[in-house]
Amino acid sequence: MDAGVWPAFTRLVRTVSGKTVEYGGQSPAHGNGLLVYSRPHPGREFRLAGVVCPDPEALTRWPAELTILVPSQTWLARIQAAARSPLKVAVLNPTTQHCTFLRIRPQPQA
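Residues numbered from 1 in each chain as written. Predicted model: local features only at pLDDT ≥ 70, side-chain atom pairs only at ≥ 80, totals over all residues. Heavy atoms only, no water.

**Re the environment of Gly24**
Test applied: Numbered from the N terminus, helices here are DSSP runs of H or I no shorter than four residues, and strands are runs of E no shorter than two.
With respect to the helices, strands and loops of the structure, Gly24 is situated in strand β1 (residues 20–27). In sequence terms Gly24 and Thr100 are 76 residues apart; their C-alpha atoms lie 23 Å from each other.

Structure below.
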């Protein structure tokens, strides 16, 4: 992701989630995407809530309830093309400050 877009993207993640958000490191187990943790209430523990821009090749056995966060329609198209299981995707556009939540279904294999 473009470094200039990152600050706006992180503000949008916090706004959309309505929860306290914390970022972890890149996770090889999650397609080298950046881990996003949220805490539903003060005093509670953070829990894994999403992954930013994972490698589409890692989507073969993706946890159904783990949200994939992407910054553009280009990223969404990559995720859609690679989906091998149902996915939850949030397309957060830092330029327009708009967020779209989608359920992606696996594409039929040709």
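**A look at the nonpolar core**
We apply this condition: By nonpolar core we mean a set of buried residues, namely Ala, Val, Leu, Ile, Met, Phe, Trp, Tyr and Cys, connected to one another through side-chain atoms within 4.5 Å. Accessibility here uses a 1.4 Å probe with only protein chains present; expressed as a share of the type maximum, an area under 20% marks a residue as buried, one over 50% as exposed, and anything in between as partly exposed. Should any heavy atoms of two residues lie within 4.5 Å, those residues are counted as being in contact.
Formed by 28 residues in total, the largest nonpolar core has its most connected members in Ile68, Leu87, Val89 and Leu92. Breaking this core down by element, the ones donating at least two residues are α1 (6–17), β2 (33–39), β3 (47–52), β4 (67–70), α2 (73–82), β5 (87–93) and β6 (98–104). Apart from the residues lying within four places of it in its own chain, the contact partners of Leu92 are Phe9, Leu12, Val13, Val16, Leu69, Val70, Pro71, Ser72, His98 and Cys99.

**A word on the confidence of the model for the protein chain**
Applied cut-off: pLDDT: the predictor's confidence for each residue, scored from 0 to 100.
In the predicted model, the protein chain carries a mean pLDDT of 88, and 98% of its residues have values of at least 70. Within the protein chain, the element-level pLDDT minimum falls on α1, averaging 83, and the maximum on β4, averaging 94.

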